[in-house]
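Descriptive analysis of the structure
Read off the chains here:
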Amino acid sequence: MNRKVRVRFAPSPTGPLHMGGVRTALYNFLFAKKHGGDFILRLEDTDQSRYVQGAEEYIIESLKWCGIVPNEGQGFGGGIHAPYRQSERKHLYKQYVMQLIENETAYYAFDTPEEIEAMRERFKSTNTASYNYVTREAMKNSLTLPKDEVNRRLASGEPYVIRIKIPRKEEIRVKDLIRGNVVVHSSQMDDKVLFKSDGMPTYHLANVVDDYLMEITHVIRGEEWLPSAPLHVFLYKCLGWEQVMPEFAHLPLLLKPEGNGKLSKRDGDRLGFPVFPLQWHDSNTGETNAGYREKGYFPEAFINMLALLGWNPGNNTEIMSLQEMINLFSIERISKSGAKFDAAKTKWFNQQYLRNKTNAELLVALEAQVKAHGFAAAIDYLEKVINLIKEKAYFINEFWELSNYFFKSPTTYDQDVVHKKWKDSVPHFISQLEQAFYEIDTFNAEEIEKVFKHTAQSLDLSPGQLMQIFRVCISGVSSGPALFETTALIGKTEIISRLGKALSQLKNLV
Ligand code: GLU
């Protein structure tokens, strides 16, 4: 049977979306697009106690910012499978769990939390301290209680849960597209709760039922869900849906930069990089976590970086547009082992994207920043500034910091350079240079360099030794783009005036 590829991203709205979650969404999206299929956003909000205000909006906004746009799903309009919030699909699940009760692959359990705790205590030493094929025999459930007793309890409205009845001896085979076959013996599994008397399904039941109803063909999700996969496979079997069971692909973890353990929120705080796509403010704790968007990352750079954390296109290509990633994507190239996050490499991606932007695109940003600081300049001047600083910037929001001296004379001078390089010979050199610049007709980089060198040599000084202090005199800072190009662009009159100013401010130092 050839079914249309349908994949889903199914986060629980329990907080902001971690970048690992964005990667899961991205791989699902790439896979769907590659195969001409659909990508769906489903919100798994059955555990109301873990619901976090604003998390749903955050997830939707993050996907939009990244350009990972679902074909259908919460916040994106629907197809025939709406609604896409599990809390609004509550009425759908009961019939399936009743089907399991009828075919005796699930049962009612009436145990109180205290009774379960006592059971755990009792079986602690036996390695079977969970609710399973051994312990269920000693508990209050529809397998041990007489039928009329079960009916009486149900009729009187006593709280219950419905548990899956995991068989004693069965090999459950999970075919994983990344990991190969994973075989789990049913004796290792427990009788997970599927449904509660408040009418809410648990994650496992809702997840499987919805994947079935939404005609999902491939489940691509984080490695942390691998232990749940045998139960899901077993549920497909019990519900008679084996023929349409999706294929599974469990993605490797995103690891800390040092490689030991999962990348967490705390690593971001510790090492100074965001772990969330967008800034997140937790109104309960008052804590704010940084986001890639607010830090100034381009969404294209962010997702390009993320795509390569656990997948490679089979060659050394690193910079890829979304369309190129779609074309090259394949599950076979997803690695089994965890991918180490690299903050420096992440910045590098942004820098590459910045360099690939046209000057016209970058100009808008520079113009806005210049204006915000109370200055103005002609378009062609701004464009030339962009040309010079483009190579130096990682982020657009650094433009003003990198270029302010193109718009105003410096008010401070880099102290380290001044201390090291403002030697006895420098004031005289600067005033000679002022004179020599004055004589230049065509104030371009080539002429400036020639005059600079000539002036230094005529005083028996090494031009190379004077470049940095000259830069500080005209810009205030110790480094920047090509020095003589910078000088030319700032212009003859302004440079001469800045040299005069630097001289009068710094001359008393020696
Ligand atoms: N709700 C689960 C999560 O929060 C979804 C797991 C799955 O994709 O099956 O990640």
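For the structure, see preceding data.
Residues numbered from 1 in each chain as written. Predicted model: local features only at pLDDT ≥ 70, side-chain atom pairs only at ≥ 80, totals over all residues. Heavy atoms only, no water.

Here we come to the site of the ligand. As a matter of local geometry, the ligand sits amid R8, A10, P11, S12, E44, Y203, N207, R221 and W225. Taking W225, its side chain carries an N or O atom lying 3.3 Å from an oxygen atom of the ligand. Starting from 300 Å² of accessible surface for the ligand in isolation, the protein chains cover 84%. Its residues assigned to classes, the shell around the ligand comprises 4 nonpolar, 2 polar and 3 charged. (Near = heavy atom within 4 Å. Polar contact = N/O pair within 3.5 Å; in protein donor to acceptor, adjacent residues only side chain to side chain. Areas by Shrake-Rupley, 256 points an atom, 1.4 Å probe, with all protein chains shown as cover. Nonpolar A, V, L, I, M, F, W, Y, C, P; charged D, E, K, R; others polar.)

A sheet is described by the order of its strands in space; here 3 strands give the open sequence β4-β5-β8, paired in antiparallel fashion. Lying at the two open borders of the sheet, with one neighbouring strand each, are β4 (106–109) and β8 (193–196). Within this sheet the neighbouring strands show an average axis-to-axis angle of 30 degrees, counted without direction. Inspection of the sheet shows strand β5 (residues 161–164) paired to β8 by 3 bridges, in the antiparallel sense. Within β8, the position partnered with V161 by the bridge is K196. (Pairing = 2+ DSSP bridges. Helix = DSSP H or I, 4+ residues; strand = E, 2+ residues; numbered from the N terminus. Axes fitted to C-alpha atoms, helices over the stretch in contact; angles between N-to-C directions.)

This next bit is on the pattern of salt bridges. Enumeration according to the criterion identifies 33 salt bridges in this entry. In this structure, R85 engages E88 in a salt bridge whose closest nitrogen and oxygen atoms are separated by 2.2 Å. Given the relative accessible area of 36%, E88 is considered partly exposed. Salt-bridge contacts for E447 lead to K450; the nearest nitrogen and oxygen are separated by 3.3 Å. (Salt bridge = Lys/Arg side-chain N within 4 Å of Asp/Glu carboxyl O. Buried < 20%, exposed > 50% of the residue type's maximum accessible area, 1.4 Å probe, protein only.)

Most of helix α10 (residues 299–307) is tucked away, with 8 of its 9 residues classed as buried. Within α10 the residues assigned to the buried category are P299, A301, F302, I303, N304, M305, L306 and A307. Structurally, α10 contributes buried residues whose contacts are with α1 (19–34), α2 (55–66), β11 (254–255), α9 (292–295), α11 (322–328) and α12 (343–355). (Contact = heavy atoms within 4.5 Å.)

So, on to the packing of helix α3 (residues 90–102) against helix α6 (residues 203–213). Between α3 and α6, the least distance of the axes is 10 Å, while the angle of their chain directions is 100 degrees. For the element pair α3 / α6, the angle class is roughly perpendicular. Across the interface between the two elements, L92, Y93, Y96 and V97 from α3 touch L205, A206, V209, D210 and L213 from α6. The residue inventory of the contact of α3 with α6, partitioned by class, reads 8 nonpolar, no polar and 1 charged. (Parallel < 35°, antiparallel > 145°, perpendicular 65-115°, else oblique.)

The subject of this paragraph is the packing of α10 against α12. Two elements in contact, α10 and α12, have axes separated by 9 Å at closest approach and are oriented at 135 degrees. Relative to α12, the element α10 is oriented oblique. Both α10 and α12 take part in a crossing whose hand is right-handed. Between α10, through E300, A301, N304 and M305, and α12, the contact on the second element is made entirely by T346, F349, N350 and Y353. (Left-handed = near helix turned anticlockwise from the far one by under 90°.)

Moving on, we get to the environment of A129. Looking at the secondary structure, you find A129 in the loop between α4 (113–123) and α5 (147–155). Separated by 45 residues in sequence, A129 and Y84 have C-alpha atoms that sit 36 Å apart.

In this structure, M19, I68, F302, F399, F406 and F437 are the most contacted members of the largest nonpolar core, which totals 110 residues. When residues in this core are grouped by element, the largest group, 9 residues, is from α1. The contacts of M19, once residues within four sequence positions are left out, are L254, L263, P274, V275, Y292, F302, M305, L306, L309 and F341. Ranked by size, the runner-up nonpolar core spans 39 residues in total, among them L100, V150, V174 and Y236. (Core = buried A, V, L, I, M, F, W, Y, C linked by side-chain atoms within 4.5 Å.)

Glancing now at the packing of aromatic side chains. The tally for this structure, following the rule as stated, stands at 25 aromatic pairs. When the ring of F375 is compared with that of W400, the centres are 5.8 Å apart and the planes differ by 25 degrees; the resulting orientation is stacked. Here W400 lies in helix α15 (residues 399–403) and F375 lies in the loop between α13 (359–372) and α14 (379–389), a separation of 25 residues in the sequence. Here F429 and F452 contribute two aromatic rings whose centre-to-centre distance is 5.3 Å and whose plane-to-plane angle is 85 degrees, an arrangement assigned as edge-to-face. Of this pair, F429 sits in helix α17 (residues 426–439) while F452 sits in helix α18 (residues 445–458), and the two are 23 residues apart along the sequence. In textbook terms, an aromatic cluster arises when at least three aromatic residues are bridged by ring pairs, as seen for F429, F437, F443, F452, F470 and F484. Over the ring of F76 we find K64, and its NZ or CZ is 5.5 Å from the ring centre. The lysine or arginine in question, R163, covers the ring of Y131, its NZ or CZ lying 3.8 Å from the ring centre. (Phe/Tyr/Trp six-rings, centres within 6.5 Å; stacked < 30°, edge-to-face > 60°. Lys NZ or Arg CZ within 6 Å of the ring centre and 35° of its normal.)

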